[in-house]
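Remarks on the overall topology
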Amino acid sequence: MSGGRTCALLSKEITEKSQNLRHMKGEELEGLSFEELTKLERQIEKGRIRIRQAKGDVLQKVISSLKRKEALLIDQNARLKEQTNSLSREHDSLPKPCRSSESMNNNGGVAESPRLDPMISDTSLRLSL
């Protein structure tokens with residue numbers, strides 16, 4: 001087979017495949033017979049079924065992966081809860097610090113902030129006028 005003939009065959013095949021692709025996309029259907037349209041419809045339906053099957057397979061894999069992750073997170077959550085409970089029990093068993101009665105004042109041990117003398121405030125206000 002010569003190079004020119006091979007090129008012509010490949011060019012013809014590309015043209016046919018391009019035309020077939022346009023038909024599959026629903027383009028340039030005007031010249032097709034009823035039988036050709038029916039054949040095209042069957043091809044598209046078979047493709048749609050394969051696509052749905054592949055989509056379902058991918059979805060099943062995603063669901064399985066998420067279920068595995070959920071189980072891992074549930075286990076991790078249970079371990080963290082146990083650690084939290086254990087630390088809480090340890091904290092509760094520690095002795096409480098003692099407070100001397102001298103360090104406590106009449107507001108439960110909280111130091112009060114100093115209050116300004118109203119006379120000093122009034123004087124400074126009068127001076128600023």
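Small disclaimer: the values here were computed from a predicted structure and weren't measured.

A few words now on the overall build of the chain. When you go through the chain residue by residue, the secondary structure sums to 3 helices and 0 strands. Mapped from its N terminus to its C terminus, the chain presents α and β elements in the order α-α-α.

Next up on the list: a positive patch on the surface. A cluster of basic side chains, namely Lys39, Arg42, Lys46 and Arg50, defines a positive patch on the protein surface. With respect to the helices and strands, Arg42 occurs in helix H2 (residues 34–93).

Another aspect to go through is the pattern of salt bridges. Following the criterion strictly, the structure yields 4 salt bridges and no others. Among the salt bridges present, the one from Arg22 reaches Glu28, with a minimum N-O distance of 3.0 Å. By relative accessible area, which is 26% here, Arg22 ends up partly exposed. Here Glu45 ties to Arg48 by a salt bridge, and the two come within 2.6 Å at their closest N and O atoms. Placement of the pair is Glu45 and Arg48 together in helix H2, with a separation of 3 residues, close to one helical turn.

Another aspect to go through is unusual backbone geometry. Even without a glycine there, the phi angle at Glu28 is positive, about 55 degrees. By secondary structure assignment, the location of Glu28 is in the loop between helix H1 (3–24) and H2. When its relative accessible area of 40% is taken as the criterion, Glu28 is described as partly exposed.

Turning our attention to the confidence of the model for the chain. Here the chain averages 84 in pLDDT, while 74% of its residues score no lower than 70. Averaged pLDDT values over the elements of the chain bottom out at 52 in helix H3 (residues 118–128) and peak at 96 in H2.

Its 22 residues give H1 an end-to-end C-alpha distance of 31 Å, which sits within 8% of 32 Å, the value for a rise of 1.5 Å per residue. Two residues or fewer after H1 comes Gly26, characterised by a positive phi angle close to 85 degrees.

Inspection of the secondary structure assignment puts His23 in helix H1. Here the side chain of His23 touches Gln19 through a polar contact of 2.7 Å, side chain to side chain. Not counting chain neighbours up to four residues away, the residues in contact with His23 comprise Glu28, Leu29, Leu32 and Leu40.

How each quantity is defined
Residues numbered from 1 in each chain as written. Predicted model: local features only at pLDDT ≥ 70, side-chain atom pairs only at ≥ 80, totals over all residues. Heavy atoms only, no water. Helix = DSSP H or I, 4+ residues; strand = E, 2+ residues; numbered from the N terminus. Patch = residues over 30% accessible without salt bridge, like charges linked within 9 Å, V, L, I, M, F, W, Y side chains within 5 Å. Areas by Shrake-Rupley, 256 points an atom, 1.4 Å probe, with all protein chains shown as cover. Salt bridge = Lys/Arg side-chain N within 4 Å of Asp/Glu carboxyl O. Lys, Arg positive; Asp, Glu negative; His and termini not counted. Charge placed at Lys NZ, Arg CZ, Asp CG, Glu CD. Buried < 20%, exposed > 50% of the residue type's maximum accessible area, 1.4 Å probe, protein only. pLDDT = per-residue confidence, 0-100. Expected span 1.5 Å × (residues − 1). Polar contact = N/O pair within 3.5 Å; in protein donor to acceptor, adjacent residues only side chain to side chain. Contact = heavy atoms within 4.5 Å.

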